[in-house]
Number of protein chains: 2
Amino acid sequence: MPETLQERVARLIRDSLGEPGSALPSEAELVDRYGASRNTVRAALAALEAEGLITSSQGRTRRVRQIHRWEWKMAEWERAHNNDGDAWANTIKAQGGIPKNDLSILTIQAPAEVAKALQIPEGTPIQARNRLRWVNDEPHQLSDSYFPPFVTDGNELFWNPSDLGVQGGLLAATGHKQARWHDTLTARMPSTEESQRLMMAPGTPLLVHTRVGYDAEGRPVRYMVTRMAADRVEVSYDLDA
Amino acid sequence: MPETLQERVARLIRDSLGEPGSALPSEAELVDRYGASRNTVRAALAALEAEGLITSSQGRTRRVRQIHRWEWKMAEWERAHNNDGDAWANTIKAQGGIPKNDLSILTIQAPAEVAKALQIPEGTPIQARNRLRWVNDEPHQLSDSYFPPFVTDGNELFWNPSDLGVQGGLLAATGHKQARWHDTLTARMPSTEESQRLMMAPGTPLLVHTRVGYDAEGRPVRYMVTRMAADRVEVSYDLDA
DNA sequence: TTATCTGGCTTGTTGGAACAAGTTGCTTCG
DNA sequence: CGAAGCAACTTGTTCCAACAAGCCAGATAA
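Source: prediction; values computed, not measured. Residue numbers restart at each chain and count upward from 1, following the sequence in its written direction. Each chain is given a letter, starting from A, and each ligand a number, starting from 1, according to the order in which they appear as written. Where local features are concerned, this predicted model is filtered to residues with pLDDT of at least 70; where side-chain atom pairs are given and counted, the filter is 80 or more; whole-chain, interface and lining totals use all residues. Note that water and hydrogens are dropped before the side-chain values are worked out from all heavy atoms of the structure.

Enquirer: Hey, could you run me through the sheet that holds strand E9 (residues 220-229) of chain A in this one?
Expert: Two pairing modes exist for strands in a sheet, parallel and antiparallel, and in both the strands are linked by backbone hydrogen bonds. Strand pairing requires that DSSP identify at least two bridges connecting the strands. Only DSSP runs of H or I covering at least 4 residues are called helices, and only runs of E covering at least 2 are called strands; the numbering of each starts at the N terminus. The mixed open sheet is built from eight strands, whose spatial order is E4(A)-E5(A)-E6(A)-E9(A)-E8(A)-E7(A)-E10(B)-E3(B). If you trace the sheet from one side to the other, it starts and ends with strand E4 (99-109) of chain A together with strand E3 (70-73) of chain B, each paired once. Each strand of the sheet is rotated relative to its neighbour by a mean of 20 degrees, with strand direction disregarded. In this sheet, strand E8 (residues 206-215) of chain A lies alongside strand E7 (residues 178-188) of chain A in antiparallel orientation, the contact comprising ten bridges. Following the sheet pairing, A:Thr186 is matched in E8(A) by A:Val208. Together, E4, strand E5 (125-135) and strand E6 (138-147) of chain A form the strand contacts of helix H5 (residues 87-94) of chain A, whose direction differs from that of E4(A) by roughly 155 degrees. Between N-to-C directions, angles span 0 to 180 degrees; the directions come from axes that are lines fitted to C-alpha atoms, helices contributing only their stretch in contact. Throughout, a contact is declared for two residues whenever any of their heavy atoms are within 4.5 Å.

Enquirer: Looking at this structure, how should I read the interface of chain A and chain B?
Expert: Accessible area lost during the coming together of the parts is what is often quoted as the interface size. Each partner contributes to the interface: chain A provides 35 residues, whereas chain B provides 35 residues. Accessible area, probed at 1.4 Å, shrinks when two parts are joined; the buried area is that loss added up over both. Interface of chain A and chain B: buried area, both sides summed, is about 3000 Å²; carbon and sulfur atoms make up 55% of it. Together, A:Met189, A:Tyr237 and A:Leu239 form the three largest contributors to the area buried by chain A at its contact with chain B, with a combined 21%. By definition here, a salt bridge exists when the distance from a side-chain nitrogen of Lys or Arg to a carboxyl oxygen of Asp or Glu is within 4 Å. Inspection of the chain A/chain B interface yields zero salt bridges. Here a polar contact means two N or O atoms within 3.5 Å. Within protein one must be a hydrogen donor candidate and the other an acceptor candidate, and residues neighboring in sequence count only if both atoms are side-chain atoms. Where chain A packs against chain B, one counts 16 residue pairs in polar contact (both at pLDDT 80 or more). Among the secondary structure elements, those contributing two or more residues to the side of chain A that touches chain B are helix H4 (74-81), E7, E8 and strand E10 (233-240) of chain A. Here the element with the most residues in the side of chain A that touches chain B is E7(A); it accounts for eleven residues.

Enquirer: Would you mind showing me how to read the relation of the copies chain A and chain B here?
Expert: Superposing the two chain copies requires a rotation about an axis and a translation along that axis. Of the transformation superimposing chain A on chain B, the axial component is 0.0 Å and the angular component is 180 degrees, with the fit at an RMSD of 0.1 Å. This pairing of chains is accounted for by a two-fold axis. The fraction of interface residues of chain A whose copies in chain B are also interface residues reaches 100%, indicating that both copies meet through the same surface. A least-squares superposition brings the copies together, and it is based on the C-alpha atoms of residues with pLDDT no lower than 70 in both.

Enquirer: What am I meant to see in the pattern of salt bridges here?
Expert: A pair can form between side chains of opposite charge whenever their charged atoms are brought close. Here the structure, examined in full by the defined rule, presents 32 salt bridges over all chains. A:Arg232 is the salt-bridge partner of A:Glu138, the closest N and O atoms lying 3.9 Å from each other. With A:Glu138 in strand E6 and A:Arg232 in the loop between E9 and E10, the pair connects residues that are 94 residues apart, well separated along the chain. For the salt bridge of B:Asp183 with B:Arg211, the shortest nitrogen-to-oxygen distance reads 2.7 Å. Separated by 28 residues along the polypeptide, B:Asp183 in strand E7 (residues 178-188) and B:Arg211 in strand E8 (residues 206-215) bring together distant segments of the chain. You'll find B:Asp183 and B:Arg211 in the same group, each marked buried. Exposure categories follow from relative accessible area, calculated using a 1.4 Å probe and restricted to protein chains: below 20% of the type maximum is buried, above 50% is exposed, and the middle band is partly exposed.

Enquirer: I keep staring at the packing of helix H1 (residues 5-15) of chain B against helix H3 (residues 38-50) of chain B and nothing clicks. Help me out?
Expert: Between two packed helices, what matters for the description is the angle formed by their axes and the separation of those axes. All names here are of chain B. Between H1 and H3, the shortest axis-to-axis distance is 8 Å and the interhelical angle comes to 55 degrees. Overall, the two elements H1 and H3 adopt an arrangement that is oblique. The handedness of the crossing between H1 and H3 comes out as right-handed. Only Thr40, Ala43, Ala44, Leu45 and Leu48 of H3 make contact with H1, whose side of the interface consists of Leu5, Gln6, Val9, Ala10, Ile13 and Arg14. Put simply, angles under 35 degrees are roughly parallel, angles over 145 are roughly antiparallel, angles from 65 to 115 are roughly perpendicular, and the rest are oblique. Should the near helix be turned anticlockwise from the far one by less than a right angle, the crossing is left-handed, and should it be turned clockwise, the crossing is right-handed.

Enquirer: Sorry if this is basic, but what is going on with the protein's contact with DNA strand D here?
Expert: Close to DNA strand D lie 21 residues; A:Arg38, A:Gln58, B:Leu5, B:Asn39 and B:Thr40 are nearest. The protein-proximal atoms of DNA strand D, defined as those within 4 Å of the protein, are 71% sugar or phosphate. Here a base oxygen of DNA strand D and a side-chain polar atom of A:Arg38 are 2.5 Å apart. For the surface near DNA strand D, the secondary-structure elements that each account for two or more residues are helix H3 (38-50), strand E1 (54-57) and strand E2 (60-64) of chain A together with H1 and H3 of chain B. Sort the elements by how many residues they give to the surface near DNA strand D and H3(B) lands first, with three residues. Broken down by class, the residue content of the surface near DNA strand D amounts to two nonpolar, twelve polar and seven charged. Working definition: residue near molecule or strand if any one of its non-hydrogen atoms lies within 4 Å of it. Polar here means any residue other than Ala, Val, Leu, Ile, Met, Phe, Trp, Tyr, Cys and Pro, which are nonpolar, and Asp, Glu, Lys and Arg, which are charged; Gly is therefore polar.

Enquirer: Whenever I open this one, the sheet that holds strand E6 (residues 138-147) of chain B confuses me. Can you help?
Expert: Read across the sheet, eight strands follow the order E3(A)-E10(A)-E7(B)-E8(B)-E9(B)-E6(B)-E5(B)-E4(B) without closing on themselves; strand pairing throughout is mixed. Every other strand in the sheet has two partners, leaving strand E3 (70-73) of chain A together with strand E4 (99-109) of chain B as the edge strands with one partner each. Taking the axes of each pair of neighbouring strands and ignoring which way they run, one obtains an average angle of 20 degrees across the sheet. In terms of strand pairing, E4(B) meets strand E5 (residues 125-135) of chain B through eleven bridges, oriented antiparallel. Bridge pairing links B:Ser104 to B:Asn130 in E5(B). Against the sheet, helix H5 (residues 87-94) of chain B makes contact with E4, E5 and E6 of chain B, and its axis sits at roughly 155 degrees relative to E4(B), the strand it touches most.

Enquirer: Just to check I follow, could you spell out the protein's contact with DNA strand C for this structure?
Expert: Of all residues adjacent to DNA strand C, which total 21 residues, the nearest are A:Leu5, A:Asn39, A:Thr40, B:Arg38 and B:Gln58. Here the atoms of DNA strand C within 4 Å of the protein split so that 67% fall in sugar or phosphate, with bases taking the remainder. Here a sugar or linking oxygen of DNA strand C and a side-chain polar atom of B:Gln58 are 2.6 Å apart. Looking at the surface near DNA strand C, the elements that each hand over two or more residues are helix H1 (5-15) and H3 of chain A together with H3, strand E1 (54-57) and strand E2 (60-64) of chain B. A breakdown of the residues in the surface near DNA strand C according to their chemical character gives two nonpolar, twelve polar and seven charged.

Below is the structure:
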């Protein structure tokens, strides 16, 4: 099967990309250079954008995309979390970034996925803590935590929004210290809403992390889902034999 | 800023998507239904495809995409790996899948990324073990391992390709048992080559896992990079406080 | 009955054109 | 000198048209 013209143009452009941040030729020049129509050139450029290689916006020349990832240390993080303050913020600060936090607390009816993780009936009223984290005034991740009723019931502490970033500490403070965690990681393309909220460039996947925390008795005390722009973060774990 | 026509059409189609696997209306019908040109309808459909919501191929009607992810247990995996056979294959079998393995062994000059991880000079000749793993005759992941010279030198075992899936066991057998690991996870869009090798559908990101294994003396004895089709796998970790 | 073929469906590729809208730098005016 | 404004770029949106190519089912032939 022969290569189509737009594939050929895409390949030629891809191979001629310069340094990150450098400008691409304009569409008009690419039309001249490769003898293809603007439609074809634009199809090729759209493919490169979907691969996450270039950026584009109306009026400005396209540029080679540049990415920097912040490391998020998962193993350290939660253990520290059981004790002191916002370990995520500390991780970012240690890498020279300025972290920020938006938190909203609400009561919802447990959706299927949450109910399954927390081993409670679907529709049970539970507390959700939805967090939007920023680094250098750039939105970074949407981190939503859910707690089962037996943990939050009668605990005023859980309704205090000034207690930033310390859900682990919150659990420890209320006698439900986490003893074990089960994490999953996968990736998918963002919905339009997620893309807008995280100000994600086209061609950027979403890295999705879930964590279920269990207490010493093995009961799930917390379910957390974190959605991150994959070009801005790298998750890490340290393991021992 | 008003919604463009193709955005509007994309949104309307997105909201009318049926069950996974169900067929979409043809382009011609969408043109009629929304009063937009074929170009515009196709732009909307391309956006949905880039979001990973639908599939398309020439001649066949588009369908709502359906995904199933296999779990890959990272924490268990390597610890078992230090001892017995192919733990990855066992994990897949336990979930009802049929695993398969392609292995090729070669000597390369350490590229920058590998050299940094193994703490050796760039360009050092090292052994690379490139693995392609399948599940149910579907390509699943590209897993490349690299070993520093002091581990492989004079060890015939490392050149035996029949010893599938036991690099951890290989290290243990040759006196370089791994004591600690450092993992990182991130995601990006695949290159065309990766997309072809893994037979990935458009709109599917690549989940990239790296692991550096250290021996008891803290020397890196192995660097592994695994690239997975994100719609076919979910990585998991179990952690203790 | 079975295998083949063909016509009519589907999506894919490529061209053309016109206008809209955002950016940038130069020129001109106060 | 500074600010406003304009001209000339850039990419974005939307239409139209024609043909290529893959798929499938029903009709036809062995």
